[in-house]
Amino acid sequence: RGQNLGFMAGIMCRYLGGMPAVATSFSREKLFQIARSLPADLQVLSGLGDLLQDVNSELEEIASLLRRDVALAARIVRISNSAMFGGGGQIASVEEAVNRVGFGEILKLVGTATTARFSERALEHYGISAQLLRDNMLHGAFACEELARAAGADTRVAYTAGLMRTLGIMVLDRAGRGHLHWTERYVPSRWPTYSAWEGGMFGVDNCEVSALILAEWRFPREMGDALRRHYLARATDGGSQLACLLNVAGSLTQRENRSLIGENGCWEIAPEKLQGAGLTEDQLEPALAAANHAFDAAVAALAG
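This write-up is about the structure you can find in this document.

A word on the pattern of salt bridges. Under the counting rule described, the total for this entry stands at 13 salt bridges. A salt bridge links Arg134 to Asp135, with the nearest nitrogen and oxygen atoms 2.8 Å apart. For the pair Arg134 and Asp135, a shared accessibility class is recorded, and that class is buried. Two residues, Glu146 and Arg149, come together in a salt bridge whose shortest N-O distance is 2.9 Å. Here Glu146 and its partner Arg149 are both found in helix α8 (residues 130-151), three residues apart, which amounts to about one turn of the helix. Judged by relative accessible area, which is 14%, Glu146 ranks as buried. A relative accessible area of 45% means that Arg149 is categorised as partly exposed.

Moving on, we come to the layout of surface pockets. Reported here for the largest pocket is a volume of approximately 170 Å³. Along the wall of the largest pocket there are 14 residues; nearest its centre are Gly49, Gln53, Thr160, Pro220 and Met223. Of all the elements in the fold, those that place two or more residues in the lining of the largest pocket are α4 (41-53) and α9 (155-164). Here the lining of the largest pocket gets six residues from one element, more than from any other, and that element is α4. Across the lining of the largest pocket, the residue classes tally to seven nonpolar, four polar and three charged.

The next thing to look at is the packing of helix α6 (residues 70-80) against helix α7 (residues 94-117). As a packed pair, α6 and α7 sit with axes 8 Å apart at the nearest point and diverge in direction by 115 degrees. Taken together, the axis directions place α6 and α7 in an arrangement best described as roughly perpendicular. Read as a crossing pair, α6 and α7 show a hand that is right-handed. Facing α6, whose interface residues are Ala71, Leu72, Ala73, Arg75, Ile76, Val77, Ile79 and Ser80, α7 presents Val94, Ala97, Arg100, Leu109, Val110, Thr112, Ala113, Thr114, Ala116 and Arg117. Per-class residue counts for the contact of α6 with α7 are 12 nonpolar, three polar and three charged.

By the definition in use, this model includes one cavity of 30 Å³ or more. Contributing to the lining of the largest cavity are Asn136, Gly140, Gly162, Arg165, Leu246, Ala249, Gly250, Thr253, Ser259, Leu260, Glu263 and Trp267. Mapped onto the lining of the largest cavity, the elements with two or more residues apiece are α8 and α14 (241-255). In the lining of the largest cavity, the residues fall into four nonpolar, six polar and two charged.

Among the nonpolar cores identified, the biggest contains 95 residues, and Leu66, Ile106, Leu147, Met164, Leu167, Val171 and Trp217 are the most heavily contacted of them. The element contributing the most residues to this core is α7, with 10 residues. Those residues within four positions of Met164 in sequence are excluded, and the remaining contacts are Leu42, Leu45, Ser210, Leu214, Trp217, Phe219 and Leu227.

Below, the discussion takes up helix α5 (residues 59-66). Considered for burial, the residues of α5 that qualify are Ile62, Ala63, Leu65 and Leu66. In a view along the axis of α5, the buried residues occupy a sector of 160 degrees, so they form one face of it. In this structure, the buried side of α5 is in contact with α4, α6 and α7.

A surface patch of negative charge is lined by Asp50, Asp54, Glu58 and Glu61. Secondary-structure assignment places Asp54 in the loop between α4 and α5. For Asp54, a relative accessible area of 36% puts it in the partly exposed group.

This structure, assessed with the given rule, holds eight aromatic pairs. Both rings, one in Tyr126 and one in Tyr194, keep their centres 5.1 Å apart while their planes meet at 80 degrees; by these two values the pair is edge-to-face. Placement of Tyr126 in the loop between α7 and α8 and of Tyr194 in helix α11 (residues 194-202) is noted, with a sequence separation of 68 residues between them. A ring pair is formed by Phe142 and Tyr159, whose centres lie 5.7 Å apart and whose planes are at 50 degrees; its orientation type is tilted. Remark: Tyr159 occurs in helix α9 and Phe142 occurs in helix α8; sequence separation between them is 17 residues.

Conventions we followed
- Residues numbered from 1 in each chain as written.
- Predicted model: local features only at pLDDT ≥ 70, side-chain atom pairs only at ≥ 80, totals over all residues.
- Heavy atoms only, no water.
- Salt bridge = Lys/Arg side-chain N within 4 Å of Asp/Glu carboxyl O.
- Buried < 20%, exposed > 50% of the residue type's maximum accessible area, 1.4 Å probe, protein only.
- Helix = DSSP H or I, 4+ residues; strand = E, 2+ residues; numbered from the N terminus.
- 1 Å grid on protein atoms, 1.4 Å probe; cavity = no way out; pocket = protein on both sides within 12 Å on 5 of 7 lines; lining within 4 Å.
- Points joined across faces, edges and corners; volume = space filled by probe spheres on them.
- Nonpolar A, V, L, I, M, F, W, Y, C, P; charged D, E, K, R; others polar.
- Axes fitted to C-alpha atoms, helices over the stretch in contact; angles between N-to-C directions.
- Parallel < 35°, antiparallel > 145°, perpendicular 65-115°, else oblique.
- Left-handed = near helix turned anticlockwise from the far one by under 90°.
- Contact = heavy atoms within 4.5 Å.
- Core = buried A, V, L, I, M, F, W, Y, C linked by side-chain atoms within 4.5 Å.
- Arc of directions from axis to C-beta.
- Patch = residues over 30% accessible without salt bridge, like charges linked within 9 Å, V, L, I, M, F, W, Y side chains within 5 Å.
- Areas by Shrake-Rupley, 256 points an atom, 1.4 Å probe, with all protein chains shown as cover.
- Lys, Arg positive; Asp, Glu negative; His and termini not counted.
- Charge placed at Lys NZ, Arg CZ, Asp CG, Glu CD.
- Phe/Tyr/Trp six-rings, centres within 6.5 Å; stacked < 30°, edge-to-face > 60°.

See the structure below:
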């Protein structure tokens, strides 16, 4: 009974609905087509993850991957000159940037550069400003990374999962353009959660869309599964450590007022969530402090 009570907030988050929405049918292929219209930066993270997992990868291979997107490469060079990565205005190429930060920090460099693209456009059907989307992505990634470090889990996988967490929301927002009238946008007083609105409007929620897209882009299966389950809507969802880490990270991001309104009911801390994540409550504050420090440095790097 205790476990069921602990996951009650997650169950309510995913399945309680408001007034019926207008159902709109989107095939898997249509969703994939919309995902392909997203900035290529997100897909680059998949290839980068593969290279970082291979002990035989060379820094030149990583630089070659990053050069494929000219806009991303330019942002990487600019951000590598920030204080966050110890730069002093001397870096002029992707190769130099990659060599400067090395394997340890390259994922964080690319992730920070990726979020810069999403500070340019609001998600109008969700009512999410561009800055809030960027801040939620960044803080969620750093929070998940720090929690994974505390739990002895893979920090690179956790960071990437945190950064990709809103992928389904971005895809569904684009799906809504040209299909929804302004009265059918997400309204908190009408739908208690994004999932309730998405289920009625699209027949699928953002968690499922994220998992589908990550599988299409060949991200690790573990990551897609965790994003599908990270609202912890069912008691069995807590069997994924990464899903639990993402959920607890959502709680830390909420504490800093960088959460998304249609998800706020999902993040209540419960003992079974911490157990599933491999954490204790006294590890949360140090993880939050470290995540805030990394977030502030990243925001400064983007501003610079």
